[in-house]
Amino acid sequence: MDIHEYQAKEILRDAGVPVPRGGRATTPEQAGHTAAALGGAAWVVKAQVHSGGRGEAGGVTLCRSEAEVREAAAGLIGTRLVTCQTGAAGKPVDSVWVEAATEIARELYIGLVLDRTEERAMLVASAEGGMEIEELAARAPEALHRRAIDPATGLRDFEARELAFALGLTGAQVAQMVAILGACYRAWRESDATMLEINPLVVTGAGDLVALDAKMSVDGNALFRRPRIAELRDAAQEDPRERAAADHGLAYVGLDGDIGCIINGAGLAMATMDMIQLAGGAPANFLDIGGGASPERVAQAFRTVLADPNVGVVLVNIFAGINRCDWVAEGVVQACRELGLTQPVVVRLSGTNVEEGRRILRASGLPLVTADTLAEAAEAAVAARAQRAA
């Protein structure tokens, strides 16, 4: 689950990371009042969306008067911001963050990610901040300094000092960086985060370190033990299809194709999408109905997939172990009858109670296309989509 910049900064501030003074505003008037309360001669207005690349997309504006702050907020609130990470649909801007401008002498980068290869947190730092880390890694991988953190000891001071020296910091800045890195790791660990990024972490004109921006993603599976973090969810920033699926306990990711997929098991789902591509088609989604799918759950999966208007064919691919093919078949028949499907439906069943499942499909009298193998199912789905489009 992603959270907004202002929420990530609140978590970091509570952990001891210095962040600029600021306030959230949901109207242009509130933005102007926030700037007045902050004082100073310049402010930055930032669109609050779950996306990077806001600056290049016009989502970050430097203002030198309260009137400019109100104008910048009015140009953002109520719009959809399209960035390099949002896709063409963009993300809705429901609020902005107004903060006092900071005098910048240097820009650094620090980030914490869950490294599944190392099976621990990986601290990444660079003396080149203010740019996309992916671009920097491709252009100059040697500019990235990495440190795996042992969960038994946490980030030790000497490790943080080594990174501070590698970034060219000296004097009191080294002690500041040690404190900031330690606070970031505590915030990362205590939030069950999978990613924490400060880009840029700036050296101010006075020589102090300040987190000018912050991005944070947390493990959705751990929200049950992090109620404070769970309250930070902004459903408006999520794909409505994925949000509806999550509300029904389905693992769903929307894609750009037109063949809807209903599958049990993440590995089988990935293999099915690959086979659709190999057959010349394009999957519309990833959807894993899980291991104990009841007929009602299968029917809900159909509703979720068909909520995408681009879906022209539905492919059901089930390898039943814990699951049962007869349950899935009953769900397919129930969904087709309740929803009045006009799209072709291709069904491939294998595993527990497969013969009973196939009997239920045959006895339904519905125009279902059945297949014995994954390759046959993918080819049948692509052929049905081509025939429907002709």
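The rules we used
Position numbers for residues start from 1 in each chain and track the written sequence from start to end. Totals for whole chains, interfaces and linings use all residues, but because this is a predicted model, local features are given only for residues with pLDDT of at least 70 and pairs of side-chain atoms are given and counted only at 80 or more. Hydrogens and water molecules were not included; the side-chain quantities draw on all heavy atoms of the structure. Any two strands are treated as partners once DSSP identifies two or more bridges connecting them. Under the scheme used here, helices are H or I runs from DSSP no shorter than 4 residues and strands are E runs no shorter than 2 residues, and both carry numbers assigned from the N terminus. Buriedness for pockets is judged along seven lines, at least five of which must meet protein on both sides within 12 Å for an open set on the 1 Å grid over protein atoms alone, while cavities are sets there where a 1.4 Å probe fits but cannot get out, and lining residues have an atom within 4 Å of a point. Grid points are joined across faces, edges and corners, and a volume is the space filled by probe spheres set on the points. Put simply, Ala, Val, Leu, Ile, Met, Phe, Trp, Tyr, Cys and Pro go in the nonpolar bin, Asp, Glu, Lys and Arg in the charged bin, and everything else, Gly too, in the polar bin. UniProt positions are given in the numbering used here, feature names are shortened, and annotations may be inferred rather than shown by experiment. Note on definitions: a residue-residue contact is assigned when non-hydrogen atoms from the two residues lie within 4.5 Å. We define a polar contact as two N or O atoms separated by no more than 3.5 Å, with the added condition that, inside protein, one atom must be a possible hydrogen donor and the other a possible acceptor, whereas residues neighbouring each other in sequence contribute only through side-chain atom pairs. Residues belong to one nonpolar core when they are buried, are Ala, Val, Leu, Ile, Met, Phe, Trp, Tyr or Cys, and are joined through side-chain atoms within 4.5 Å. The cut-offs for exposure are 20% and 50% of the maximum accessible area for each residue type, with area from a 1.4 Å probe on protein chains only; residues under the lower value are buried, those over the upper are exposed, and the others partly exposed.

### Details of the pairing of strand S8 (residues 104-115)
Pairing between S8 and strand S11 (residues 193-204): eight bridges, direction antiparallel. Residue pairing across strands places Leu 108 opposite Leu 201, the latter belonging to S11. In this sheet, strand S9 (residues 120-126) lies alongside S8 in antiparallel orientation, the contact comprising seven bridges. If you follow Leu 112 over to S9, its bridge partner there is Leu 123. Where S8 folds back onto S9 in an antiparallel hairpin, the turn is made up of four residues, including Glu 119, whose phi is positive at roughly 60°.

### Quick word on the layout of surface pockets
Its boundaries defined by the atoms lining it, the largest pocket holds a volume of some 1,000 Å³. Lining the largest pocket are 42 residues, and of these Lys 91, Gln 237, Glu 238, Asp 239 and Glu 242 lie nearest its centre. Listing elements by their share of the lining of the largest pocket, those giving two or more residues are strand S1 (2-3), strand S6 (91-92), strand S13 (215-218), helix H8 (240-247) and strand S14 (251-254). At six residues, H8 tops the list of elements feeding residues into the lining of the largest pocket. Taken together, the residues of the lining of the largest pocket sort by class into 16 nonpolar, eleven polar and 15 charged.

### Quick look at the UniProt feature "binding site: Mg(2+)" (unreviewed entry) in the protein chain
Here the UniProt feature "binding site: Mg(2+)" (unreviewed entry) sits at Asn 199 and Asp 213. Residues that both appear in the annotated list above and line the largest pocket are Asp 213. Its location among the elements puts Asn 199 in strand S11. Summarising the element assignment, Asp 213 is placed in the loop between strand S12 (209-211) and S13. Apart from the residues lying within four places of it in its own chain, the contact partners of Asp 213 are Glu 5, Lys 9, Lys 46, Arg 54, Glu 197, Ile 198, Asn 199 and Pro 200. A polar contact is formed between the side chain of Asp 213 and the side chain of Arg 54, at a distance of 3.2 Å.

### Some remarks on the nonpolar core
Counting 41 residues, the largest nonpolar core has Ile 110, Leu 112, Leu 169, Met 177, Cys 184 and Leu 201 as its most contacted members. Counting residues per element, the ones that place at least two in this core are helix H1 (5-15), S8, S9, helix H5 (157-166), helix H6 (172-190), S11, S12 and S13. The greatest single-element share of this core, amounting to ten residues, is contributed by H6. Residues Val 298, Val 311, Val 316 and Ala 320 belong to the second largest nonpolar core, which totals 32 residues.

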